[in-house]
Amino acid sequence: MPERKLPYGKQWIDDEDIRAVVDVLSGDWLTTGPRVEDFESSFAACVRARHAVAVSSGTAALHCAMHAAGIGPGDEVLVPAMTFVATANAVLYCGATPVFVDVEPDTLLIDANDAAAKVSSRSKAIVAVDYAGQPCDYDVLRNIARRCSLVLIADACHALGAQHRGDPVGSIADLSAFSFHPVKHVTTGEGGMITTSNAEWAARMRAFRNHGITTDHRQRETAGSWSYEMVELGFNYRLTDMQCALGKSQLRRLPEWLDRRHEIAAQYRQGFADTAQVRPLAVRADVRHAHHLFVIRVAQRARLFAALRNAGIGVNVHYAPVYMHPYYRRRLGLAPGLCPVAEAASGQILSLPMFPRMTDDDVAFVVGTFRKLLEAAC
Ligand SMILES: *Cc1c(COP(=O)(O)O)cnc(C)c1O
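Quick caveat: nothing in here was measured; it's all calculated off a predicted structure. Residue indices follow the written sequence of each chain, beginning from 1 at its first position. In keeping with the model being predicted, local features are shown solely for residues with a pLDDT of at least 70 and side-chain atom pairs are shown and tallied solely at 80 or more, while totals for entire chains, interfaces and linings include all residues. The side-chain values count all of the structure's non-hydrogen atoms but skip hydrogen atoms and water molecules.

**Student:** What is the right way to read the packing of helix 1 (residues 15-25) against helix 9 (residues 241-251) from this model?
**Tutor:** Pairs of packed helices are described in terms of their axes, by the angle between the two and the distance that separates them. Only the stretch in contact is used when fitting a helix axis, every axis being a line fitted to C-alpha atoms; angles between N-to-C directions are given from 0 to 180 degrees. Strands are runs of DSSP state E lasting at least two residues, helices are runs of H or I lasting at least four, and both sets are numbered from the N terminus onward. Their axes nearest at 8 Å, the elements helix 1 and helix 9 cross at an angle of 155°. Taken together, helix 1 and helix 9 sit at an angle that is classed as roughly antiparallel. Once helix 1 is placed against helix 9, the crossing between them reads as right-handed. Where helix 1 approaches helix 9, its residues Glu16, Asp17, Ala20, Val21, Val24 and Leu25 are matched on the opposing element by Asp241, Met242, Ala245, Leu246, Ser249 and Gln250. The nonpolar class holds Ala, Val, Leu, Ile, Met, Phe, Trp, Tyr, Cys and Pro. Asp, Glu, Lys and Arg form the charged class, and all remaining residues, Gly among them, are polar. The class makeup of the residues in the contact of helix 1 with helix 9 is seven nonpolar, two polar and three charged. Note that the term roughly parallel is reserved for angles under 35 degrees, roughly antiparallel for angles over 145, roughly perpendicular for angles of 65 to 115, and oblique for everything else. Handedness of each helix crossing follows the sense of rotation of the near helix against the far helix: counterclockwise by less than a right angle gives left-handed, clockwise gives right-handed. It only takes one pair of heavy atoms within 4.5 Å for two residues to be counted as in contact.

**Student:** Honestly, the pattern of salt bridges in this entry has me stumped. Any pointers?
**Tutor:** A side chain of one charge can pair with a side chain of the opposite charge if their charged atoms are brought near each other. A pairing counts as a salt bridge when a side-chain nitrogen of Lys or Arg comes within 4 Å of a carboxyl oxygen of Asp or Glu. Applying the stated criterion across every chain, the model contains 20 salt bridges. Between arginine 206 and glutamate 40 there is a salt bridge, and its shortest N-O distance comes to 2.9 Å. Residue arginine 206 is located in helix 7 (residues 199-208), and its partner glutamate 40 is located in helix 2 (residues 34-46); the two are separated by 166 residues in the primary sequence. Throughout, exposure labels follow a simple rule: accessible area from a 1.4 Å probe, protein chains only, divided by the maximum for the residue type, with under 20% read as buried, over 50% as exposed, and the rest as partly exposed. Residue arginine 206 is classed as partly exposed on the basis of its relative accessible area of 29%. For glutamate 40, a relative accessible area of 5% puts it in the buried group. A salt bridge links aspartate 75 to lysine 124; the shortest N-O distance between them is 3.5 Å. In this pair, aspartate 75 sits in the loop between helix 3 (58-68) and strand 2 (76-80) while lysine 124 sits in strand 4 (residues 123-129), placing the two residues 49 residues apart along the sequence.

**Student:** Explain the packing of aromatic side chains to me, please; I cannot follow it from the model alone.
**Tutor:** Each Phe, Tyr or Trp ring, with Trp reduced to its six-membered ring, pairs with another whose centre is within 6.5 Å; inter-plane angles below 30 degrees give stacked pairs, above 60 give edge-to-face pairs, and intermediate values give tilted ones. Under the definition given, this model contains 16 aromatic pairs. When the ring of tyrosine 131 is compared with that of tyrosine 319, the centres are 6.3 Å apart and the planes differ by 65°; the resulting orientation is edge-to-face. Pair noted here: tyrosine 131 is in the loop between strand 4 and helix 6 (138-147) and tyrosine 319 is in the loop between helix 11 (301-310) and helix 12 (326-332), with a separation of 188 residues, a long-range link. Using a relative accessible area of 1% as the deciding quantity, one classes tyrosine 131 as buried. Taken together through their ring pairs, the aromatic side chains of Phe39, Phe43, Phe178 and Phe180 make up a single cluster. To sit over a ring, a charge needs its Lys NZ or Arg CZ within 6 Å of the ring centre and within 35 degrees of the ring normal. When the ring centre of tryptophan 29 is taken as origin, the NZ or CZ atom of arginine 218, which lies over that ring, is 5.8 Å away. Positioned above the aromatic ring of tryptophan 12, the side-chain terminus of arginine 253 is 5.9 Å from the ring centre.

**Student:** Which parts of the structure should I look at to understand the side chain of glutamate 40?
**Tutor:** Polar contact is the term for a pair of N or O atoms within 3.5 Å; when the atoms are in protein, one must be able to donate a hydrogen and the other to accept it, and sequence-neighboring residues count only if both atoms are side-chain atoms. From its side chain, glutamate 40 meets the backbone nitrogen of alanine 54 in a polar contact 2.8 Å long. Excluding residues that lie within four positions of it along the chain, glutamate 40 makes contacts with Ala52, Val53, Ala54, Met193, Arg206 and Arg209.

**Student:** Any chance you could explain the site of the ligand here in plain terms?
**Tutor:** It suffices for a single heavy atom of a residue to lie within 4 Å of a molecule or strand for the residue to be listed as near it. Within the structure, the ligand sits among 15 residues, and Gly58, Thr59, Asp155, Ser179 and Lys184 are positioned closest to it. Take threonine 59: an N or O atom from its side chain is 2.5 Å from an oxygen atom of the ligand. Residue serine 179 places a side-chain N or O atom 2.7 Å away from an oxygen atom belonging to the ligand. Protein coverage of the free-state accessible area of the ligand, which is 380 Å², stands at 92%. Every definition here rests on a 1 Å grid over the protein atoms only: cavities are sets of points where a 1.4 Å probe fits but cannot get out, pockets are open sets enclosed by protein on both sides within 12 Å along at least five of seven lines, and lining residues have some atom within 4 Å of a point. Cavity and pocket membership follows a simple rule, namely that a molecule belongs there if more than half of its atoms are within 2 Å of the grid points. Cavity membership is defined here by more than half of the atoms lying within 2 Å of grid points; on that basis the ligand lies in the largest pocket. Of all the secondary structure elements, the ones that give two or more residues to the shell around the ligand are helix 3 and helix 4 (85-93). Element by element, the count of residues in the shell around the ligand is highest for helix 3, at three residues. Class assignment for the residues of the shell around the ligand results in five nonpolar, eight polar and two charged. Residue-level accessible areas treat just the shown protein chains as cover; the underlying method is Shrake-Rupley with a 1.4 Å probe.

**Student:** Explain the layout of surface pockets to me, please; I cannot follow it from the model alone.
**Tutor:** Over the atoms a probe the size of a water molecule is rolled, and this reveals where empty space is left. Grid points are joined across faces, edges and corners, and a volume is the space filled by probe spheres set on the points. Put simply, the largest pocket is a space of about 350 Å³. Lining the largest pocket we find 21 residues, and of these Thr59, Phe84, Ser179, His181 and Lys184 sit closest to its centre. Put simply, the parts of the chain that give the lining of the largest pocket at least two residues each are helix 3 and helix 4. Ranked by the residues each element gives to the lining of the largest pocket, the list is headed by helix 3, at three residues.

**Student:** Which parts of the structure should I look at to understand helix 14 (residues 360-377)?
**Tutor:** Given 3.6 residues per helical turn, the α-helix brings residues three or four places apart onto the same face. Given a helix with a known number of residues, its expected span is that number minus one, times 1.5 Å. End to end, helix 14 covers 26 Å across 18 residues, agreeing with the expected 26 Å (1.5 Å per residue, within 8%). Taken as a whole, helix 14 has its buried residues at Asp362, Val363, Phe365, Val366, Val367, Thr369, Phe370, Leu373 and Leu374. Packing partners of the buried residues in helix 14 comprise helix 10 (254-271), strand 10 (278-280), strand 12 (294-298), helix 11 and strand 13 (349-352).

**Student:** What exactly am I supposed to notice about empty space enclosed by the protein here?
**Tutor:** One pass over the structure, following the stated rule, counts three cavities of 30 Å³ or more. Computed from the structure, the largest cavity encloses a volume of approximately 80 Å³. Surrounding the largest cavity, Thr107, Tyr131, Ala132, Gln134, Arg269, Leu281, Ala282, His289, His291, Leu293, Phe294 and Val295 form its lining.

Okay, here's the thing in structure tokens:
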């Protein structure tokens, strides 16, 4: 048995979180009640966005964002190859086609030159994935979006609390999607949020999360009215009041948790500073990283992955290029060679444990175990 067990990410729930959820359980509204707006306005303030729309997952958030942007059949959306499948799946949900873009070798963020080269007359949007919690180069992406009339959508599921030149992620792109899965910065179990400064898009997303109906149950109750209109085909992507209460309670500790993630990242960097075999990803100038993941490049990844897992260290790989999955290869007829940088990186990357509740001792254990395994190989 390993002496301890560390996952790569983990939530942190305290008594105040539990109380917040239990309060809702004994109240009148379990879903679509006052906690939804309450969480939305706290979240909007947190990322300095005008509108925030709460939904049932980060995936639903991406689907809502693409729908609001008017993406439909025949359209193309530029998506980095190095991301979770949900980023590209949301494009398919809209009947559009994802066009995979390679990433920069040092940061694994979308390569703006490759993106510009892949714009076509069918391109409708570009998705910026703030990989590992690091903001993309939004200045360059915004220029491409403006020049080519594309909507700029941020998949900010890794990047709550990140900043680009002092601007919070969530206030920069036309639409930004967040996730509240337990491994992300704050959790609601499952959950997501979209932020935008466009009031029309926000209203469209509020209807889309509720079957395409323009008023919700509580609004009709308040107005004493039974009638409602479904104006387009939507989904049930609502987030419950229990979850919104938990999300709002979790947001209290976000600043402290971000600081802790920075400390852990610094300890990893220092722990591997004299080890040429372990290469952490680069951090861009003028950003505040949110450190959702701590990703390194390493030779002999397969051997190290197995050995670390055996030692109780929950390392992971984020990600294989999306188009390498059987479904994408089959559906879009894509083959290896499309995004060579992402493909090469996916054979070398390893995500080390990173979550605020990790102790300094946990970090030292990861570094020490890793270094011993490296020496054993020499
Ligand atoms: C977590 C994540 C999602 C999906 O979020 P869910 O809440 O799990 O649906 C999408 N994109 C990225 C980059 C993610 O990390």
